[in-house]
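Tertiary structure, described
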Amino acid sequence: MRQDLEPGVADILKKASDMVPLEREDALTLMRVPLHTAGCYALMETANRMSRSEFGNKGENHFHIGLNVEACPMDCLFCSLTRTAGIFKEKIDFSMEQIIRWAKAAEQQGADALNLMTTGTYPFKRLLEVGRQLGEETRVPLVANTRDISHREGEALIDAGFVGAYHAVRLGEGRDTPFNRNKRIETIQVFRDVGLLWMNCVEPVGPEHSDDEIVDLMLLARDYGATYSGIMRRINFPGSPMERFGMISELEMARLVAISRLVMGDVPQAHCTHEPHSASLMAGANLFFSEVGSSPRDQQADTGKGRGTDVTHCRQMQLEMAWDPSLPSNCFEN
Ligand code: SF4
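Looking at an unreviewed UniProt entry, the protein chain carries the name Radical SAM protein, with the source organism given as Desulfosarcina alkanivorans.

This is the structure we're talking about:
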C-alpha cells in the first residue's frame, strides 16, 4: 500500500511517527493529500496510532457550559450569539443552581473537565465566582473560556480554582472578528506565564480557509505547547453571513484532525474534534466536548436542548471506536 502514496508523504508519516517535529512544508504537503486516497488513509492510520499509544487509549470528555446568552456586540461573523445574527434578544445569565446541576450531572456521567464559556462582555468577576462555587460543589478540573486577559486576571483564575483556559486564535481573526491576533497570542503567553494549561482547537474551519491559514494555527498550537489542539468545523446557523461558503464534512474534518495530530507530535495530552462524530476517532482524535448552556453554533439558548451532545452519548461513541472513557484524564494528571 505504502508504495502508492504521493511523493514525499511516506517520509513525512515516518518522521511524524518518530516524533520528529514536522516543518511547515511537511504540513502543507499533507494538506494536499486528497480524500479517498491511500495517502489519506495512511495519514489517518498514522495519527490514530500516535494518539492511541501516546494517550493510552483514553477517551476524553470535556463538558462545555455556556454561562450566559447575550446579543454579543463583538459580532464575530461565524457566531450565532451576535447582535447582528439577531437570534437572541433576551439576556440570560444561567443561575448558579442551574450551573451546579449541570456540572454535577456531568461529573456523575464521567466528565473529565468543565469548560466554562462566556460571551465577549461577561463580567470577569462573575466567572471567578462561578469557578469558586463549582470548585466547592464538584471535583472536576475547571477550564475557563473567556476574553483576552492580563497576568493579574490569569492569577485570579488560578486563585478561583481554574487549572486551564481555552483560547483560540480563530481562523480569520481580525477579519471575521474584531479581535487582534497578536493580542490573543499574548493571552496564550499569559497562561504559560501564570501556570494555566492552554487548551486550543483550530477553528472554526470552513471550506474557504486556505491550507496556509490552517497550517499556521496548527503550528502555533504546537509551538505554544497546547494541552490539546484538534479541529472544529464552523456550523452555519440559518442566516449566517458565512452560509455562502458552506461547511466542511465530518470526513474532511477527520482528514484535518489527522494532519493536526501529526503536526502536534509529542506535545499534546489529548486531541480534540468538534462536534462529536466517529470518523475522527479513527484519525487521531480522542477528545469530545459535550455541551449545555449557550453555544456560538446554536439557535437554542440552552444547546443541551439543541445541537449539544451529552457526556453519556459521547462516551458511547468512544466505546464503539475502542477508546476507553473510564480511564483517568491525561490532560490534568501529567
Ligand atoms: S465568538 Fe464570543 S466574542 Fe465573538 S461574537 Fe460570539 S460570543 Fe461574542
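Let's talk about the sheet that holds strand 4 (residues 113-117)
With parallel pairing, the eight strands of this open sheet are ordered in space as 9-8-7-6-5-4-1-10. Strands with a single pairing partner mark the edges of an open sheet, and in this sheet they are strand 9 (273-274) and strand 10 (287-293). Alignment of strand 5 (residues 142-145) against strand 6 (residues 162-166), held across three bridges, turns out to be parallel. Of the residues in strand 6, the one forming a bridge with Leu-142 is Phe-162.

Quick notes on the packing of helix 4 (residues 96-109) against helix 5 (residues 124-137)
Here helix 4 crosses helix 5 at 45°, and the two axes come no closer than 10 Å. Taken together, the axes of helix 4 and helix 5 are oblique relative to one another. Crossing of helix 4 over helix 5 shows right-handed handedness. Residues Met-96, Ile-99, Ile-100, Ala-103 and Lys-104 of helix 4 touch helix 5, and the partners they reach there are Val-130, Gln-133, Leu-134 and Glu-137.

Examining the environment of Cys-272
Structurally, Cys-272 is set in the loop between helix 9 (250-264) and strand 9. According to the C-beta neighbour criterion, Cys-272 is buried, with 29 such atoms within 10 Å. C-alpha of Cys-272 to C-alpha of Leu-197: the two residues are 75 residues apart in sequence and 15 Å apart in space. Residues within four places of Cys-272 in sequence aside, it is in contact with Cys-201, Tyr-228, Gly-230, Ala-285, Leu-287 and Phe-289.

Concerning the pairing of strand 6
In terms of residue burial, strand 6 counts as a mostly covered element, since four of its five residues are buried. Of the crossover connections in this fold, the one passing from strand 5 over helix 6 (residues 151-159) to the parallel strand 6 is right-handed. Across three bridges, the pairing between strand 6 and strand 7 (residues 197-205) is parallel. Looking at strand 7, one finds that Gly-164 is bridged to Leu-197.

As for the UniProt feature "domain: Radical SAM core" (unreviewed entry) in the protein chain
Per the UniProt record, "domain: Radical SAM core" (unreviewed entry) is annotated on residues 57-266. Note that residues 57-266 is 38% helix and 19% strand, and that its end C-alpha atoms are spaced 15 Å apart.

As for the site of the ligand
Taken together, the residues surrounding the ligand are Cys-72, Met-74, Asp-75, Cys-76, Cys-79, Leu-81, Thr-82, Thr-119, Gly-120, Thr-177 and Pro-296. A per-class count over the shell around the ligand returns six nonpolar, four polar and one charged.

What about the pairing of strand 10?
Of all seven residues making up strand 10, seven are buried, and the element is well covered by its neighbours. Here seven bridges tie strand 1 (residues 60-66) to strand 10, and the two strands are oriented parallel to one another. When the bridges of strand 10 are listed, Phe-63 appears paired with Ser-290.

Thresholds, definitions, all that
Residues numbered from 1 in each chain as written. Predicted model: local features only at pLDDT ≥ 70, side-chain atom pairs only at ≥ 80, totals over all residues. Pairing = 2+ DSSP bridges. Helix = DSSP H or I, 4+ residues; strand = E, 2+ residues; numbered from the N terminus. Axes fitted to C-alpha atoms, helices over the stretch in contact; angles between N-to-C directions. Parallel < 35°, antiparallel > 145°, perpendicular 65-115°, else oblique. Left-handed = near helix turned anticlockwise from the far one by under 90°. Contact = placed C-beta atoms within 7 Å. Buried ≥ 20, exposed ≤ 12 C-beta atoms within 10 Å, placed from the backbone. Right-handed = clockwise from strand over helix to strand, strands pointing away. UniProt positions renumbered as here; feature names shortened; annotations may be inferred. Near = placed C-beta within 6 Å. Nonpolar A, V, L, I, M, F, W, Y, C, P; charged D, E, K, R; others polar.

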